[in-house]
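Below are the chains, spelled out letter by letter.
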Amino acid sequence: MASETDVRAQLQRAGQEHLMRFWGELAPGPRAALLAELALLEPDALREHCKRAAAACARTSGPPPDLAARLRPLPPERVGSASRGDPEMRRRWEEEGFRQIALNKVAVLLLAGGQGTRLGVSYPKGMYHVGLPSQKTLYQLQAERIRRVEQLAGERHGTRCTVPWYIMTSEFTLEPTAKFFKEHDFFHLDPANVVLFEQRMLPAVTFEGRVILERKDKVAMAPDGNGGLYCALEDHRILEDMERRGVEFVHVYCVDNILVRLADPVFIGFCVLQGADCGAKVVEKAYPEEPVGVVCRLDGVPQVVEYSEISPEVAQLRGTDGGLIYNAGNICNHFFTRDFLQTVARDREPLLKQHVAVKKVPYVDEAGHLVTPLKPNGIKMEKFVFDVFRFAGNFVAFEVPREEEFSPLKNAEAAGRDNPSTARRALLAQHYRWALQAGARFLDAHGAQLPALPW
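These notes cover the structure that comes with them. Here the structure is a predicted model, which means the values were calculated and not measured. (Residues numbered from 1 in each chain as written. Predicted model: local features only at pLDDT ≥ 70, side-chain atom pairs only at ≥ 80, totals over all residues. Heavy atoms only, no water.)

Right, let's talk about the nonpolar core for a bit. Counting 45 residues, the largest nonpolar core has Ile 101, Val 108, Leu 110, Tyr 139, Trp 165, Phe 181 and Phe 398 as its most contacted members. Broken down by element, this core gets its largest block of residues, six residues, from helix α10 (residues 265-273). (Core = buried A, V, L, I, M, F, W, Y, C linked by side-chain atoms within 4.5 Å. Buried < 20%, exposed > 50% of the residue type's maximum accessible area, 1.4 Å probe, protein only. Helix = DSSP H or I, 4+ residues; strand = E, 2+ residues; numbered from the N terminus.)

In structure tokens:
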């Protein structure tokens, strides 16, 4: 273990000596914990992290003045649709997807490093249930969908197949997630095929570039964003595990979309037959100002441009068919080849942009009192999973119906949108439609037939 003298020297080199200002007040146990944590902070990297955070926060936000001239929609030939176009082509995509699943070449990867803070809970979002009659959690719903797609692919091709489930957690979510899965017997999945791994953490920083102390003996740390995936793949040798299993294609998604289709054969098949190394599911924007990122081309390469960066005038542009020109809403639902992930993780990751998240970060003041701020006081630096699109040699997008595939659980009930009620209604409405399509009829308490969609 590094000595107190060594750690103090590291902090001085990084310009963060204040992190040991309560050293004299700490008992031996907390001292050892703080020393171990601080020893991991490489001084040059820490100094640069703090400088970048403060500089990025100081920059003005909003649409860059020349953005409109640099934007273009995706070429139509690089965009597929789950609901429009030739039904026979859709059947071919689905068949190809099932074939790849049956060959054990497909894995799913869940991004689950964030806590349920906005949702109002202290545990990982995947453990949350939205009030379904079954009381199923998001983790259980997703596990059952994996089992179902394995079953369907196996029935079609007369084989037993496996879709490995990789789950990227963080310091906050790893232990409770592992415990939850064990308590629920991994929802009848083989534990050997559920691989949990942890993303890196970064210190939270004040607007002036000083690392925040969460307690006298602990630095305020935060996950490095869902774009931390690429470092985590290398840190935990996940790509080597995929190669050993024969996985060639990976479906990456976020934990909070209650309608997500895991290892969706149609999406997988579309990407494979297009020869894509990278792909994204998108939904049509509900209205021009909808706060979702837009998948488009920027300076000739595919990217997600945040809604806050697009001016109202550009957001409202319409084509000859009357539809929005920039209408491909990003839903954090992606396809990657393993080869592409290897290239990014080993060669391109340092080129990823860092994004600023301004947050309320609890801290101890100079007197050692714990403060829970009422307004944002700190910066968390993040990388985004979709910022690798620009490195793709062959990028495609796949449009899916929002009502069938996208209902995020972001907020507590009081927010009015993207909350437990909207997620629950979205799933129940979907199942209601499926039952009607299968020939079912729903009757009210008096025996009268209910309408096609009662919600």
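The interhelical angle for the contact between helix α5 (residues 87-102) and α10, taken along N-to-C directions, is 95°, at an axis separation of 6 Å. When the interaxial angle is binned, α5 and α10 end up roughly perpendicular. Of α10, the residues touching α5 (which contributes Arg 90, Arg 92, Trp 93, Glu 94, Glu 96, Gly 97, Phe 98, Gln 100 and Ile 101) are Pro 265, Val 266, Ile 268, Gly 269, Phe 270, Val 272 and Leu 273. Residue composition of the contact of α5 with α10, by class: nine nonpolar, three polar and four charged. (Axes fitted to C-alpha atoms, helices over the stretch in contact; angles between N-to-C directions. Parallel < 35°, antiparallel > 145°, perpendicular 65-115°, else oblique. Contact = heavy atoms within 4.5 Å. Nonpolar A, V, L, I, M, F, W, Y, C, P; charged D, E, K, R; others polar.)

Scanning all chains against the criterion turns up 17 aromatic pairs. Aromatic side chains Trp 165 and Phe 181 sit 5.5 Å apart centroid to centroid with 70° between the ring planes, which places their arrangement in the edge-to-face category. Placement of the pair is Trp 165 in strand β4 (residues 165-169) and Phe 181 in helix α7 (residues 174-183), with a sequence separation of 16 residues. When its relative accessible area of 1% is taken as the criterion, Trp 165 is described as buried. (Phe/Tyr/Trp six-rings, centres within 6.5 Å; stacked < 30°, edge-to-face > 60°.)

Turning our attention to the pattern of salt bridges. Evaluation of the coordinates by the stated rule reveals 34 salt bridges. A salt bridge links Glu 366 to Arg 21, with the shortest nitrogen-to-oxygen separation between them at 3.5 Å. Of this pair, Glu 366 sits in the loop between β17 (363-364) and β18 (370-371) while Arg 21 sits in the loop between α1 (4-14) and α2 (28-39), placing them 345 residues apart in sequence. Of the residues examined, Arg 21 reaches a relative accessible area of 28% and is grouped as partly exposed. (Salt bridge = Lys/Arg side-chain N within 4 Å of Asp/Glu carboxyl O.)

Among the five residues that make up strand β13 (residues 294-298), four are buried, leaving the element largely enclosed by the rest of the structure. Across two bridges, strand β1 (residues 71-72) lies against β13 in antiparallel orientation. Within β13, the residue paired with Arg 72 across the bridge is Arg 297. Between β13 and strand β14 (residues 301-305), which pair antiparallel and follow one another directly, the connecting turn spans two residues, one of which, Asp 299, has a positive phi of 55°. (Pairing = 2+ DSSP bridges.)

On to the side chain of His 355, then. Note on placement: His 355 falls in strand β16 (residues 355-359). Taking the relative accessible area as the measure of exposure, His 355 reaches 13% and is therefore buried.

Attention shifts here to the packing of α1 against α2. At a closest axis distance of 10 Å, the pairing of α1 and α2 adopts a crossing angle of 45°. With respect to each other, α1 and α2 are oriented oblique. Seen from above, α1 lies across α2 with left-handed handedness. Taken together, the residues of α2 that come into contact with α1 (itself represented by Glu 4, Val 7, Gln 10 and Leu 11) are Leu 35, Leu 38 and Ala 39. Across the contact of α1 with α2, the residue classes tally to five nonpolar, one polar and one charged. (Left-handed = near helix turned anticlockwise from the far one by under 90°.)

With eight of nine residues buried, α10 is to be regarded as a mostly interior element. For α10, the capping residue at the N-terminal end is Asp 264, with a side-chain oxygen 3.2 Å from the backbone nitrogen of Val 266. Two residues or fewer past α10, Gly 275 is found with a positive phi of approximately 70°. (Polar contact = N/O pair within 3.5 Å; in protein donor to acceptor, adjacent residues only side chain to side chain.)

Let us look at the sheet that holds β16. Spatially, three strands are ordered β7-β19-β16 in an open sheet, and the strand pairing comes out antiparallel. The open sheet has two free edges, formed respectively by β7 (205-206) and β16, since each of these has just one partner strand. Bridge analysis of β16 against strand β19 (residues 378-382) gives five bridges, and the strand direction is antiparallel. The residue of β19 that forms the bridge with Lys 359 is Gly 378. Contacts between helix α3 (residues 43-58) and the sheet are confined to β7, β16 and β19, with β19 contributing the most and set at about 105° to the helix.

Quick look at unusual backbone geometry now. Among all residues except glycine, the phi angle is most often negative; among peptide bonds, the trans geometry is most common. Positive phi, normally seen in glycine, also occurs at Asp 299, with a value near 55°. By secondary structure assignment, the location of Asp 299 is in the loop between β13 and β14. The phi dihedral of Asp 418 is positive, around 50°, even though this residue is not glycine.

Turning to the state of the cysteines, a few remarks are in order. Throughout the structure, instances matching the rule amount to zero disulfides. Summary of cysteine pairing: Cys 57 is not part of a disulfide, and the nearest cysteine sulfur, belonging to Cys 50, is at 13 Å. Here Cys 296 is not disulfide-linked; the sulfur of Cys 278 is the nearest cysteine sulfur, at 14 Å. (Disulfide = S-S within 2.5 Å.)

Moving on, we get to α3. Because each turn of an α-helix spans 3.6 residues, side chains separated by three or four positions end up pointing in the same direction. For α3, spanning 16 residues, the distance from its first C-alpha to its last is 23 Å, which sits close to the expected 22 Å at 1.5 Å a residue. Along α3, the residues classified as buried are Pro 43, Leu 46, His 49, Cys 50, Ala 53, Ala 54 and Ala 56. Where α3 is buried, its residues meet α1, β6 (201-203), β7, β16 and β19. The N-cap of α3, judged by a side-chain oxygen 3.2 Å from the amide nitrogen of Asp 44 a few residues on, is Glu 42. (Expected span 1.5 Å × (residues − 1).)

Counting buried positions over the five residues of strand β20 (residues 395-399) gives five, a clear majority of the element. Residues Phe 395, Ala 397 and Glu 399 point to one face of β20 and Val 396 and Phe 398 to the other, with burial holding for every one of them. Two strands pair when backbone bridges link them, and strand β12 (residues 278-284) and β20 are joined in this way by five bridges, in the parallel orientation. Across the sheet, the residue bridging to Val 282 is Glu 399, located in β20.

Taken together, the side chains of Phe 207, Val 356 and Val 358 make up a nonpolar region of the molecular surface, amounting to roughly 210 Å² of accessible area. Examined against the element boundaries, Phe 207 turns out to sit in the loop between β7 and β8 (213-215). (Patch = residues over 30% accessible without salt bridge, like charges linked within 9 Å, V, L, I, M, F, W, Y side chains within 5 Å. Areas by Shrake-Rupley, 256 points an atom, 1.4 Å probe, with all protein chains shown as cover.)

Examined against the element boundaries, Asp 277 turns out to sit in the loop between α10 and β12. One buried charge, Asp 277, has no salt-bridge partner; the nearest side chain with opposite charge is Arg 78, at 7.6 Å. A polar contact is formed between the side chain of Asp 277 and the backbone nitrogen of Gly 393, at a distance of 2.9 Å. Separated by 3.1 Å, the side chain of Asp 277 and the backbone nitrogen of Asn 394 make a polar contact. For Asp 277, the contacting residues outside a window of four places in its chain are Phe 335, Phe 336, Thr 337, Phe 340, Ala 392, Gly 393, Asn 394 and Phe 395. (Lys, Arg positive; Asp, Glu negative; His and termini not counted.)

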